[in-house]
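A look at the structure
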Amino acid sequence: MEAASAMFCEHRKKLRNALNSKNPIIITGYTSMQLAGDMAVPFIQQADFFWLTGISEPGWQLLLLEEEYLVRPYISPSELLFDGGMLDHEAAKVSGVHTIITADVAKNLLKDQQKAGITKVYAGGYDAPYLKDSFTINPAAVIAQRTLKRKFQNVEDIRPLLVRLRATKDENEHAYIRKAIAITTKGFNSVRDTLADLVQYEYEVEASLGYTFRMNGAEGYAYEPIVAAGANALTLHYTRNNNPLPKNGLLLIDAAARVGGYCADITRTYAIGTPTAREVAVHAAVEKAHFAIINLIKPGLALSEYQDKSDEIMKEALRSLGLLKKPEDYRKYFPHAISHGLGIDVHESFGGYTEFMPGMVLTVEPGIYIPEEGIGVRIEDDILVTETGNENLSGDLPTGL
Ligand code: GLY
Ligand code: MN
Ligand code: MN
């Protein structure tokens, strides 16, 4: 792994080259959000901003003119006392951007651009790419756009380009993902070793994973861990993790570490005691589909063809279990996507590409969920698209029950 700042300098260079324009670029990090009282929500940086700077503190902005600038947030003396904050030289070291300015100086620099006749700037857009109905979005990008629109006629959304650039990852990014996967694998292995006799509650598994992740230097969880015993696995993103484990049955664990800002995303379904023959059969069907789908992945394969072929494989898996009686049964028993991109965000898009490209990292995560029988099984690995095929980055972690 190169020094972090070299990687982020490279990312800014990629953006400049791809854009091929001298017009100003303004990328805004997320602001801190209130959790309750004077407590803030645990902070995760906006992924594009992180990709360009490596800064995982709230309130910072990146301004790219002829020169590069980081715009530091105003932090009150009281906030500085209680919460600390990133110092200029720390921000410069992480990002490789050496000129740190205040918002007022940034405003003047943009005014100069305006005076020089510049009418178009590039900035982040309003909405997040993955919006759920009940989400409230971080206001940082909206506030920045509003300000920019007062000054410039044309504020172009640069996010589609950034998402595309982020979709094919470089070796430094792969190295962070590999590290996150290695630590996650340790966590799963140590849980598995104790599952037979030591663990009684889902939260013990969660605690054990968190312990291993932090003890091995990960920043923490890549996402809220899912530790779902028996029928709890039917809730796809079950995160309460407060139920007892059955004496005999299945335990679905979907959890991963984050390292250097990059995520792993791994699921295994393990046996506790003696599972039923049906549970074993469902697991075997998912496992068989899983490896058949991974085998499809290679550069140049159209995403639409990947989707069609993986649909066929999943339908065959359901058929083998007697679960595909009518067409709508397919989405009933397999109600989520087979894959998503993986990187700084745990769910990333493929950046508008229509085929697999070398350097992409994606999950493969078939699952079969049977509400009538209280059975849910998912297996998830992280796959790198190589020049000639693929590498299963999490393939060292056994998928068996
Ligand atoms: N961990 C969430 C997912 O697998 O997409
Ligand atoms: Mn996933
Ligand atoms: Mn997952």
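First, a word on what this report is: a plain description of the structure on this page. Counting restarts for each chain: residues are numbered from 1 in the order of the written sequence. Whichever chain is written first is A, and whichever ligand is written first is 1; the rest continue in order. Per-residue local features of the predicted model are confined to residues with pLDDT of at least 70, and side-chain atom pairs are confined, for both listing and counting, to 80 or more; whole-chain, interface and lining totals are unaffected and use all residues. The side-chain figures draw on all heavy atoms in the structure; neither hydrogens nor water molecules are used.

1. Regarding the coordination of the manganese ion (ligand 3)
Distances decide who is a donor: an N, O or S atom must be within 2.8 Å of the metal, or within 3.2 Å for Na, K and Ca. Water is not included, so sites may look incomplete. Taken together, D254 (OD), D254 (OD), D265 (OD) and E380 (OE) make up the protein donors of the manganese ion (ligand 3), found 2.0 to 2.4 Å from the metal. Think of it this way: with four donors and all angles in the 85 to 135 degree range, the site is tetrahedral; with four or six donors, opposite ones beyond 155 degrees and the rest between 65 and 115, it is square planar or octahedral; otherwise it is irregular. Of note is the manganese ion (ligand 3), whose six donor atoms meet at the metal with angles of 56 to 169° in an arrangement that counts as irregular. The metal-metal distance between the manganese ion (ligand 3) and the manganese ion (ligand 2) is 3.4 Å, with D265 coordinating both. In this pair, D254 sits in strand β11 (residues 249–255) while E380 sits in the loop between β17 (375–378) and β18 (381–385), placing the two residues 126 residues apart along the sequence. As far as the burial class goes, D254 and E380 line up, both buried. In this text, helices come from DSSP runs of H or I with a minimum length of four residues, and strands from runs of E with a minimum of two, each type numbered from the N-terminal end. Burial classification: accessible surface area is computed with a 1.4 Å probe over protein chains only, and a residue below 20% of its type maximum counts as buried, one above 50% as exposed, and the rest as partly exposed.

2. Some remarks on the sheet that holds strand β6 (residues 100–101)
Taken together, six strands build an open sheet; the order of strands is β6-β5-β4-β1-β7-β8 and the sheet is mixed. The strands lining the two open edges of the sheet, one partner per strand, are β6 and β8 (154–157). Strands qualify as paired when DSSP identifies two bridges or more between them. Where strand β1 (residues 25–28) lies against strand β7 (residues 120–123), two bridges are found, and the strand directions are parallel. Counterpart to I25 in the pairing with β7 is Y122.

3. As for the coordination of the manganese ion (ligand 2)
Distances from the manganese ion (ligand 2) to its protein donors, D265 (OD), H340 (NE2), E365 (OE) and E380 (OE), fall within 2.0 to 2.2 Å. Considering all six donor atoms around the manganese ion (ligand 2), the spread of angles at the metal, 51 to 156°, places the coordination shape in the irregular class. Read in sequence order, the donor residues coordinating the manganese ion (ligand 2) give the pattern D-x74-H-x24-E-x14-E.

4. Things to note about the packing of aromatic side chains
In this description, a pair of aromatic rings is defined by centroid distance and the angle of the planes. Only the six-membered ring of Trp is used, alongside the rings of Phe and Tyr, when aromatic pairs are assigned; centres must lie within 6.5 Å, and planes under 30 degrees apart are stacked while those over 60 apart are edge-to-face, with the rest tilted. Taken as a whole, this structure holds eight aromatic pairs when the rule is applied. Ring geometry for F213 and Y221: centres 5.9 Å apart, planes at 80°, overall edge-to-face. Relative to F356, the ring of F350 has its centre 6.1 Å away and its plane inclined at 90°; by these criteria the two rings are edge-to-face. Taken individually, F350 and F356 each receive the classification buried, so the pair is uniform in this respect. Site record: aromatic cluster; members linked through ring pairs are F8, F50, Y176 and Y262. Only lysine NZ and arginine CZ atoms are considered, and such an atom sits over a ring when it is within 6 Å of the ring centre and within 35 degrees of the ring normal. In this structure, R164 packs its charged tip against the face of Y353, placed 3.9 Å from the ring centre. Above the ring of Y330, the side-chain terminus of K315 is found at 5.1 Å from the ring centroid.

5. A few points about the site of ligand 1
We call a residue near a molecule or strand when any one of its heavy atoms sits within 4 Å of it. Lining the immediate surroundings of ligand 1 are Y223, H237, D254, D265, H340, H347, E365 and E380. Here a polar contact is recorded for every N or O atom pair within 3.5 Å, except that within protein the pair must consist of a potential hydrogen donor and a potential acceptor, and residues adjacent in sequence are included only if both atoms are side-chain atoms. The separation between an oxygen atom of ligand 1 and a polar side-chain atom of E380 is 3.1 Å. Areas reported as accessible are Shrake-Rupley estimates using a 1.4 Å probe. Residue values count occlusion only from the protein chains shown. Relative to its unbound accessible surface of 200 Å², ligand 1 loses 93% to contact with the protein. Charged means Asp, Glu, Lys or Arg here, nonpolar means Ala, Val, Leu, Ile, Met, Phe, Trp, Tyr, Cys or Pro, and polar covers whatever is left, Gly included. Its residues assigned to classes, the shell around ligand 1 comprises one nonpolar, three polar and four charged.

6. A look at unusual backbone geometry
Of note in the backbone geometry, N20 takes a positive phi value of approximately 50° without being a glycine. Tracing the backbone through its elements, the reader meets N20 in the loop between α1 (4–19) and β1. Classification of N20 as exposed rests on a relative accessible area of 70%. With a phi angle near 50°, N241 is a residue other than glycine that sits in the positive phi range. As for its placement among the helices and strands, N241 is situated in the loop between β10 (226–229) and β11. Assessed through its relative accessible area of 1%, N241 is described here as buried.

7. With respect to the side chain of E365
Its place among the elements puts E365 in the loop between β15 (361–364) and β16 (367–370). Counted as positive: Lys and Arg. Counted as negative: Asp and Glu, with His and the chain ends omitted from the count. A side-chain nitrogen of Lys or Arg and a carboxyl oxygen of Asp or Glu constitute a salt bridge if their distance falls within 4 Å. For the buried residue E365, which engages in no salt bridge, the nearest side chain bearing the opposite charge is R378, 4.1 Å off. A distance of 2.8 Å separates a polar atom in the side chain of E365 from a polar atom in the side chain of H340. Contacts are assigned to residue pairs that have any heavy atoms within 4.5 Å of one another. Not counting chain neighbours up to four residues away, the residues in contact with E365 comprise D265, F334, H336, A337, I338, H340, R378, I379 and E380.

8. Remarks on the side chain of D381
Mapped onto the elements of the fold, D381 is located in strand β18. Given the relative accessible area of 1%, D381 is considered buried. A distance of 3.2 Å separates the side chain of D381 from the side chain of N392, its partner in a polar contact. Other than its neighbours up to four places away in sequence, D381 contacts R268, H290, I294, L362, T363, V364, N392, S394, G395 and T399.

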